[in-house]
Amino acid sequence: MDATIAPHRIPPEMPQYGEENHIFELMQVTGHPCPSRRWRRLGSLHCDVGCAAGTRSWGRVARPRSSPTRDNMLEQLLIHQPEDPIPFMIQHLHRDNDNVPRIVILGPPASGKTTIAMWLCKHLNSSLLTLENLILNEFSYTATEARRLYLQRKTVPSALLVQLIQERLAEEDCIKQGWILDGIPETREQALRIQTLGITPRHVIVLSAPDTVLIERNLGKRIDPQTGEIYHTTFDWPPESEIQNRLMVPEDISELETAQKLLEYHRNIVRVIPSYPKILKVISADQPCVDVFYQALTYVQSNHRTNAPFTPRVLLLGPVGSGKSLQAALLAQKYRLVNVCCGQLLKEAVADRTTFGELIQPFFEKEMAVPDSLLMKVLSQRLDQQDCIQKGWVLHGVPRDLDQAHLLNRLGYNPNRVFFLNVPFDSIMERLTLRRIDPVTGERYHLMYKPPPTMEIQARLLQNPKDAEEQVKLKMDLFYRNSADLEQLYGSAITLNGDQDPYTVFEYIESGIINPLPKKIP
């Protein structure tokens, strides 16, 4: 699958294979909505694909951590689509290689990519794959043919090169210890052929440096014919005289030849880079080689977010006046989630005179609580709409007690991020009881944060009965009476101090979504 033109549609063969062989039931994780039901909808949804498996992300939010083994197994199943998935899965688990390095290092001539690749191989105990060592395999007919063509044309056809890579990666050392591709793929065609075979690197590094630096650097390049180590007359000269004496000047390092190679590289790399979204890092090669190496090592030792299908379901809980509505609006705006406010849904149903609205209206008129069964029907109607299914949602205003929370769970609306906004009693009283509205202009004021500009306006301000001190106290008592049960039900919820600047609170919520906090040690 071509990842360079994402977002695009998932091939229908993938969900069809998944359903026919019950792949998603096998992969189902406790607490997640039924994957098979969700997958039936994936065929018509746009997705941004970072690998050949075709998976969804939401906005710029990173995906949650999950089991690399399960995710990689699912990816390989959908790519290879074996007739009997069970033996394939057993064989995959026997390999035990989901966490081994799978690295691609790209860069222009003289950027130091081979040096960095060799150092990483030594440090990670992985196998280095270069064009040179691939075609030198004496036991492969493909390598023999590639070597013959290389001697004639100084190049190997893309199809033949990718076949060589596929054969090499099937060998035991690459499976058990991982691999590093040095300078491959060079072109978009090679990148797509590699992707088509299901060869997916975990990390891609692109080295970058000014052309003038690279041309000057290439002129001093020397190679040890025995070890393949690369040295430089100025920057990296070996101290041993024995090594110095056997160093050779490589071919094609003149200024003109290097400039031509750089031109070819720049023409191709801009079409290769989009093939590896979200797993690619550009590192400046115009610095000491050791610094480049440690930056590369730090990156390849990091873990990416899972590629598993994931839809955000964010629940904001907190007492009245804690800022849930504002935080929901900020999340919806930045990450294109659907902002679902329970109270607003009920009001819209009444205003639109829907079937449910007519049933709700008597409760509004008598200022009574809407029954949970009716409330959940209205909520279900909204959460089952396509935008909530595709984009995800941020919910607030419900559940208010344990019964409503259990109803949500039974209906399948299980949040995967829950936040409690904790605000002191005095702060909430200050926020709500000092709110006023100008009946003439409709302008809203706050006697402390946004006082009226004139005494005339202040004299005519009115207070909403809901902001009266007694009403606020009743609502807060109701929340805190049920909050302990809700905290126990949502054991992985994150509690935040909501008594600070709204954008500071939003940053904390955002960090809890992108990088979930570690569980508390019992």
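Just above, that's the structure.
All of these numbers come straight from a predicted model, not from anything done at the bench. All residue numbers refer to positions counted from 1 along the written sequence of the respective chain. Since the coordinates come from a predicted model, pLDDT governs what is reported: local features require at least 70, and pairs of side-chain atoms require 80 or more to be given and counted, while whole-chain, interface and lining totals use all residues. Computation of side-chain values covers all heavy atoms of the structure but excludes hydrogens and water.

Draft legend 1. Region of interest: a positive patch on the surface. A contiguous patch of positive charge, built from Lys347, Arg400, Lys466 and Lys475, is present on the exposed surface. Here Lys466 shows up in the loop between helix 23 (455-460) and helix 24 (469-489). For the exposure calls, accessible area comes from a 1.4 Å probe over protein chains only, and a residue counts as buried if that area is under 20% of its type's maximum, exposed if over 50%, partly exposed in between. With relative accessibility at 51%, the residue Lys466 sits in the exposed group. The patches reported here contain residues having more than 30% relative accessible area and no salt bridge. Joining distances are 9 Å for like charges and 5 Å for nonpolar side chains (Val, Leu, Ile, Met, Phe, Trp, Tyr). Note that accessible areas follow from Shrake-Rupley with a 1.4 Å probe, and for residues the cover is restricted to the protein chains shown. Counted as salt bridges are all cases of a side-chain nitrogen of Lys or Arg within 4 Å of a carboxyl oxygen of Asp or Glu. Charge assignment in this entry is limited to Lys and Arg as positive and Asp and Glu as negative, and neither His nor the chain termini are counted. The atom standing in for a charge is NZ when the residue is Lys, CZ when it is Arg, CG when it is Asp and CD when it is Glu. Strands are runs of DSSP state E lasting at least 2 residues, helices are runs of H or I lasting at least 4, and numbering of each runs from the N terminus.

Draft legend 2. Inspection of the sheet that holds strand 5 (residues 179-182) at higher detail. Read from one edge to the other, the open sheet built from five strands follows the order 4-5-3-6-9, with strand pairing classed as parallel. Two strands lie at the open edges of the sheet, namely strand 4 (127-129) and strand 9 (280-284), each paired on one side alone. Neighbour to neighbour, the strand axes of the sheet diverge by 20° on average, direction disregarded. Strand pairing is assigned whenever DSSP identifies at least 2 bridges connecting the two strands. Taken together, the four bridges between strand 3 (residues 102-106) and strand 5 define a ladder with parallel strand orientation. Helix axes are fitted to C-alpha atoms over the stretch in contact, other axes to C-alpha atoms as well, and angles between N-to-C directions run from 0 to 180 degrees.

Draft legend 3. Quick peek at the pattern of salt bridges. As enumerated under the stated definition, the model contains 16 salt bridges in all. A salt bridge links Glu510 to Lys334, with the nearest nitrogen and oxygen atoms 2.5 Å apart. In this pair, Glu510 is assigned in helix 25 (residues 502-514) and Lys334 in helix 16 (residues 324-335), connecting sequence segments 176 residues apart. On the accessibility criterion, Glu510 (12% relative accessible area) is buried. Residue classification places Lys334 among the partly exposed residues on the basis of a relative accessible area of 33%. Between Asp438 and Arg460 there is a salt bridge, with its nearest N and O atoms 2.8 Å apart. On the criterion of sequence distance, the pair formed by Asp438 in the loop between strand 14 (435-437) and strand 15 (444-446) and Arg460 in helix 23 is long-range, its members being 22 residues apart. By sharing partners, the salt bridges in this structure join Arg168, Glu171 and Asp173 into a single network.

Draft legend 4. Fine view of the nonpolar core. Counting residues in each nonpolar core, the largest one holds 51 residues, and the members touching the most others are Ile105, Ile116, Leu120, Ile165, Trp179 and Ile205. Contact criterion: two residues are considered in contact whenever any of their non-hydrogen atoms come within 4.5 Å of each other. Beyond its immediate sequence surroundings of up to four residues, Ile165 is in contact with Leu134, Leu181, Ile184, Ile194 and Ile199. For this analysis, a nonpolar core means a set of buried residues of the types Ala, Val, Leu, Ile, Met, Phe, Trp, Tyr and Cys, connected via side-chain atoms within 4.5 Å. By size, the runner-up hydrophobic cluster in this structure holds 29 residues, among which are Val338, Val350, Leu383 and Val398.

Draft legend 5. Expanded view of helix 8 (residues 141-153). To estimate how far a helix should extend, the number of its residues minus one is multiplied by 1.5 Å. Over its 13 residues, helix 8 extends 18 Å from the first C-alpha to the last, a length consistent with the 18 Å expected when each residue adds 1.5 Å. Along its buried surface, helix 8 packs onto helix 7 (131-135) and helix 9 (158-169). Each polar contact in these results corresponds to two N or O atoms within 3.5 Å; when the atoms are within protein, one needs to be able to donate a hydrogen and the other to accept it, and residues that are neighboring in sequence are counted only if both atoms are side-chain atoms. With a side-chain oxygen positioned 3.3 Å from the backbone nitrogen of Thr142, the residue opening helix 8 is Ser140. Positive backbone phi, approximately 60°, marks Lys154, located one or two places after helix 8.

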